[in-house]
Each structure stands twice: as C-alpha cells, then as structure tokens.
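Single-letter residue listing:
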Amino acid sequence: MSAAPSKPKILVIDDDDDLRYSLKRVFSGRQYEVVEANSAEKGLEVAEKEKPDVILLDNRMEGMSGIEALQHLRGINPNAMIILMTAYGTTQTTIEAMKFGAFDYIMKPFDLKKILSITEAALATSSDLDRANKDESSGGISQEDVDGGIIGSSAAMQDVFKMIGQVAASEVTVMITGESGTGKELIARSIFQNSLRSQKPYIAVNCAAIPENLIESELFGHEKGSFTGATSQRIGKFELCDGGTIFLDEIGDMALTTQTKILRALQEGEIQRVGSSETIKVDVRMLAATNKPLEEMVEEKTFREDLYYRLNVVRIQLPPLRERMEDVPLLIDFALKRLKQDRKAHVSAVSPEALASLMKYTWPGNVRELENIIYRSAVMAQSDTILMKDLPREILSAVGADMSSPKMPTPKKEAAKEAELESKTAGEEVLLGAPEENAFDGAYRLLRSEQGNNILEHAERELIRRALEEVGGKQVKAAEILGMTRSTLRKRIDQYDLG
Ligand SMILES: Nc1ncnc2c1ncn2[C@@H]1O[C@H](COP(=O)(O)OP(=O)(O)OP(=O)(O)O)[C@@H](O)[C@H]1O
Ligand SMILES: [Mg+2]
C-alpha cells in the first residue's frame, strides 16, 4: 500500500467507443482515474506512460488482439492486474488469458456490479503486491530483504527458508503445517514467488471458507444447468490456474468426495467440470496447508491416506512462536515498521520492561497474535515507545505483571475471572473469545480513562480490518460480515487507510 493514498488508475483498452465511454463514466464517478486507448497498439503506449494499476483489455480488436497485447503488457508493466474482456463462449481464450498471466476475465456483455467487483479484487491484489515489493526493497531488517517480508533468524526459521529455496524451483507438491498464525499462507506465497511458475497464475483457495456443496464447482467448474443455481457455465480454479500454482489452504477441512477429485487432479492431471463427463487436462502445481492433525485424520479415515501421501511429498512444519522466542524482537520491530509505513501508528520502540513481558508470554496465537498485540499497544502508546501500561491486560495478567495500574483500575474479582478466562481461551483472541460482558467492561473502562480517545474508531477500524483479512480483501464479502453497505465500507477503508 502506498503511503499517500492516490487514486487507483485504470486503463481501458477497447475499440468500442461506447463501452469505453460507459466504463470511464462508471469508474471516474467512483474515485478512480481512468485512461483509455482505442487499440491494443495504442494501449501498449499508454500503459508504458501511465503505469496503470488495472488494465481492462478487450480481446477482439482490429490489429493486435487482446491476448497478444496481454503478453506485451506483462513485459511493460508486470505489476498491473489485467482483466480480459472476452465475447461470451470463448472458453479457450479465457484459459489462454489466465495462462499468460491475466488476473481474471469477464464475459461480454457484463453488468456494472460484476466489473466493479472484479476490479476491486484486482486492486486488492495489486496493493498486496506493491507491499510485498516494498518489503523487499526497504532497508532495516535484513531478513526482510532476503525473504520478502518473512522474518526469522532462529535456526528453525532458517531451516524453513532453506527448504523454500530447495523446493521452490521444483514442481514438487508441498504440505505446510503449523499452528494457526504461524505464517503458512506467507510461506506458500513465497514458494510460488520463488518458483519457475512465478509469472503464471497463483490461486489460493480457502477450503474451510467455501460451503461443501459449492467447493467442487469452485475448484473444477460446472456446466450450465448441472445443479439448481448453475445458470451459466463456470470455469473452475484448476482450469483458470492451468500452468500456475494452486494453494489449497485448510485442506484438512475438505470433504472426502472432493479429496478424491483432488487426488485425481494430482495423479493424472485431469479434472471434470461438475455436470460434465469430459475430461480436461490441467497442469497445476499444488501447495497445501492445514493446522489440523492430518495423521490422526488419516487414522480416523476422515482424510484419504493416498491423498495424504501424495500431498506430503515435502513437508514444511512451521514452528510455533514460543519455540523460537529469539524471533520475537525482530517480529516486533517489523510490525512497528509496517505500522509506521502504513501510517497507522508512530511508535519505534518497546521499553525493556514491556519487552521482558512480551518475551515471557507464550503466544498461543503465534505471529498473528503478536501483530495484533503490537498494533493494539502502539495505538495506546502516548510517546514513541510502547510502555508496560500500553500492553493489553491479557498479556500482563498472563505473565503475572502488576495489574493495579492507577490509569486502568481492575477490580480484584474481575482480574481473577479474567485469569480463569485466559486459561480457558488460550489460543483464541481474548476480546472475541471472552463473554460479552467481560470484553465490554474492559472497553468501557478504557473509554472512560485518559487513553480512551478514539476508542470507537479503533474498535470499528479493527473489526473492519479483521473482516477484510478473513475474506482476503474482498469488499463485498467483508461488507456482508460487517452488516454495512459496500459504499460505507469503502468510505471507512479510505478513512482508516485500510486500502
Ligand atoms: N515469519 C513471519 N514474518 C513476518 N510476518 C509473519 C510471519 N509469520 C506470519 N506472519 C504474519 O502473521 C499473520 C498470520 O500469518 P498467516 O496468515 O500466514 O498464518 P497461517 O499459518 O496461515 O494461520 P491460519 O492457520 O490461522 O490460517 C500474517 O499477517 C502474516 O503476515
Ligand atoms: Mg492461513
């Protein structure tokens, strides 16, 4: 994410004047900057000059086709997300487009909602990418330079980095395991980025987030009319990802029937769309992750043994944070740098006393919890240093630090209740895991204290941030979770600089 929020720039390449005009109107009215070109050749020039974030590219144009232009555009502007607009029914073109690194495709004619949501998704990915690139080039923590935002100087993490290096360039299937919040997604992405397929598509599928009856259609696609609601043909992730890498996250949550089909895709490189008997060849590298005990699941026969062995060719086991405490100060430093870079907080250090408490804590939620705790502490800090008093109470009580700070009085009974809660909810984020009464007691006390400024905003911001995180930045879904309209959400995202 860039520090000063600038308008995202969209390049529309289409020889249809009316369509260009409509798209321009739609996007300009929504805080986007739009540039245009009426041919592919012209589009290449404009792309070079304007460096757009997203390119909407028509396929059928006089002169150079969209597919041809796509390949040139990838060279000119590798970070731009390209969305190909194809005529209905040209599946082959779509597949080609994805092979050549398009972000997505849209069938003409399309409605406004659809193009807006695809563009938003493209922008979310593009800011992710920006950030990853920035991480690589910014100075400071040396591991960051080497590993693109993955921190760790402990021997255990060094071994993980070595393994990434060894397996990335091969085609081997990798299984990434580890407790929640240890960085499995980060590692999967890094394997992809370092692989020979890094210029090809990368699609992450969270198997736990998709309802069981929809996952097969999501993965393998479906034919029109193959089930109620299948009103048109759909190309699945495997087909879209042909030539690229698919990351099956939370694979331990996948139903047995789907497991069988995944096994076939792995073994034979073959899939079938739901409702079709036609076999389609796909060339996809698979990465998978889970925090479930797969070995036990194999024994209980809830996970196919043959699939387990196929996926588990190489296993990267991420150590929990409590087993590599020497990484904690580095991760804190990294989190503070990120907060600063994103202008979310301006804190550069942690006092020795506060650090000692953080080093005593056992981090059941691992790196994700650490990021969260540092963020919460940083917004509380009144100077540029996080002090003991700024640490969340759950940390202080867990490490047995004195809770009777005059600014945040905690009645004894409640402290005891909380300690008990703490042991029960280990592994969960306490604010959410705690009974409502208790969570709001603390928040209300904070509101009434001197540090209570902006607590409503902090709370709203944090809830929005989590919702967006959960759904991978998809605003439509996040708005649903939050129960707000998408335009309200978009306003909040701008207001809180969450874009
Ligand atoms: N080694 C690391 N260096 C820097 N940041 C990290 C590291 N490991 C994890 N993180 C950060 O911690 C957060 C959680 O990581 P990630 O989502 O990859 O965890 P996960 O293992 O997939 O968790 P879950 O099982 O809950 O899905 C992310 O914000 C990620 O960027
Ligand atoms: Mg994950």
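Shown above is the structure to which this text applies.
Residues numbered from 1 in each chain as written. Chains lettered and ligands numbered in written order. Predicted model: local features only at pLDDT ≥ 70, side-chain atom pairs only at ≥ 80, totals over all residues. Heavy atoms only, no water.

Of the regular secondary structure elements, the protein holds 23 helices and 16 strands. Taken across its 499 residues, the protein has 50% of its residues classed as buried. When contacts within the protein are restricted to residue pairs at least 6 apart in sequence, those whose partners lie at least 24 apart make up 68%. Approximately 24,000 Å² of the protein is accessible, and the part contributed by carbon and sulfur atoms is 51%. (Helix = DSSP H or I, 4+ residues; strand = E, 2+ residues; numbered from the N terminus. Buried < 20%, exposed > 50% of the residue type's maximum accessible area, 1.4 Å probe, protein only. Contact = heavy atoms within 4.5 Å. Areas by Shrake-Rupley, 256 points an atom, 1.4 Å probe, with all protein chains shown as cover.)

Ordered by their spatial adjacency, 5 strands build an open sheet running S2-S1-S3-S4-S5, and the pairing between neighbours is parallel. Looking at the sheet topology across the chains shown, the edges are occupied by strand S2 (33–37) and strand S5 (104–108). Direction aside, the axes of adjacent strands within the sheet are offset by 20° on average. Pairing between strand S4 (residues 81–87) and S5: 5 bridges, direction parallel. Bridged to Leu 84 within S5 is Tyr 105. This element, helix H1 (residues 17–28), spans strand S1 (9–13), S2, strand S3 (54–58), S4 and S5 of the sheet and lies at about 165° to S2. (Pairing = 2+ DSSP bridges. Axes fitted to C-alpha atoms, helices over the stretch in contact; angles between N-to-C directions.)

Looking now at the site of ligand 1. Lining the immediate surroundings of ligand 1 are 19 residues, of which Ile 151, Ser 180, Gly 181, Lys 184 and Glu 371 lie closest. A distance of 3.1 Å separates an oxygen atom of ligand 1 from a polar atom in the backbone of Gly 183. Tallied by class, the residues present in the shell around ligand 1 amount to 7 nonpolar, 6 polar and 6 charged. (Near = heavy atom within 4 Å. Polar contact = N/O pair within 3.5 Å; in protein donor to acceptor, adjacent residues only side chain to side chain. Nonpolar A, V, L, I, M, F, W, Y, C, P; charged D, E, K, R; others polar.)

With that settled, consider the sheet that holds strand S7 (residues 202–206). With parallel pairing, 5 strands are arranged side by side in an open sheet as S7-S10-S13-S6-S14. For this open sheet the edge positions go to S7 and strand S14 (314–317), each flanked by a neighbour on one side alone. On average, each strand axis in the sheet is inclined to that of its neighbour by 20°, with strand direction left out of account. Bridge count between S7 and strand S10 (residues 245–249): 5 bridges; the pairing is parallel.

Right, let's get into the pattern of salt bridges. One pass over the structure, following the stated rule, counts 30 salt bridges. The salt bridge partner of Lys 237 is Glu 218, with a shortest N-O separation of 2.8 Å. With Lys 237 in helix H10 (residues 237–240) and Glu 218 in helix H9 (residues 212–220), this residue pair connects regions lying 19 residues apart in the sequence. Residue classification places Glu 218 among the buried positions, given a relative accessible area of 18%. Between Glu 270 and Lys 281 there is a salt bridge, with the nearest N and O atoms lying 3.3 Å from each other. With Glu 270 in strand S11 (residues 270–271) and Lys 281 in strand S12 (residues 280–281), the pair connects residues that are 11 residues apart, well separated along the chain. Three or more residues joined by partner-sharing salt bridges are found here, namely Asp 17, Arg 20, Lys 24 and Glu 36. (Salt bridge = Lys/Arg side-chain N within 4 Å of Asp/Glu carboxyl O.)

With that settled, consider the pairing of strand S13 (residues 285–290). Most of S13 is tucked away: 6 of the 6 residues are buried. Residues Arg 285, Leu 287 and Ala 289 of S13 are buried on one face, and the alternating residues Met 286, Ala 288 and Thr 290, pointing to the opposite face, are buried as well. Across 4 bridges, strand S6 (residues 174–177) lies against S13 in parallel orientation. Opposite Met 175, over in S13, you have Ala 288 as the bridge partner. In this structure, S10 lies alongside S13, joined through 4 bridges in parallel fashion. Of the residues in S13, the one forming a bridge with Ile 246 is Met 286.

Moving on, we come to the packing of aromatic side chains. One pass over the full model with this rule turns up 5 aromatic pairs. Summarising the aromatic geometry, the rings of Phe 192 and Tyr 202 are spaced 4.6 Å apart at their centres and angled 25° between planes, so their arrangement reads as stacked. Note that Phe 192 is positioned in helix H8 (residues 184–193) and Tyr 202 in strand S7, a separation of 10 residues in sequence. Here Phe 192 matches Tyr 202 in class, with each residue buried. Aromatic side chains Phe 220 and Phe 238 sit 5.4 Å apart centroid to centroid with 20° between the ring planes, which places their arrangement in the stacked category. Linking Phe 220 in helix H9 with Phe 238 in helix H10, this pair joins segments that are 18 residues apart in sequence. The exposure class assigned to Phe 238 is buried, which follows from its relative accessible area of 0%. (Phe/Tyr/Trp six-rings, centres within 6.5 Å; stacked < 30°, edge-to-face > 60°.)

What follows is about helix H2 (residues 40–50). Every buried residue belonging to H2 is among Ala 40, Gly 43, Leu 44, Val 46 and Ala 47, and all of these are buried. Following H2 by one or two positions, Lys 51 has its phi on the positive side, about 45°.

Within the largest apolar cluster, 35 residues are counted, with the highest numbers of intra-cluster contacts made by Leu 219, Phe 238, Ile 246, Leu 248, Ile 262 and Phe 303. Apart from residues no more than four positions distant in its own chain, Ile 246 is found in contact with Ile 203, Val 205, Lys 237, Phe 238, Cys 241, Val 284, Arg 285, Met 286 and Leu 287. Val 347, Ile 373, Ala 381 and Met 388 belong to the second-largest nonpolar core, a separate cluster that totals 31 residues. (Core = buried A, V, L, I, M, F, W, Y, C linked by side-chain atoms within 4.5 Å.)

Mapped onto the fold, Ile 118 is located in helix H5 (residues 112–137). C-alpha of Ile 118 to C-alpha of Ile 83: the two residues are 35 residues apart in sequence and 8.1 Å apart in space. For Ile 118, the contacting residues outside a window of four places in its chain are Ile 83, Phe 103, Asp 104, Tyr 105 and Ile 106.

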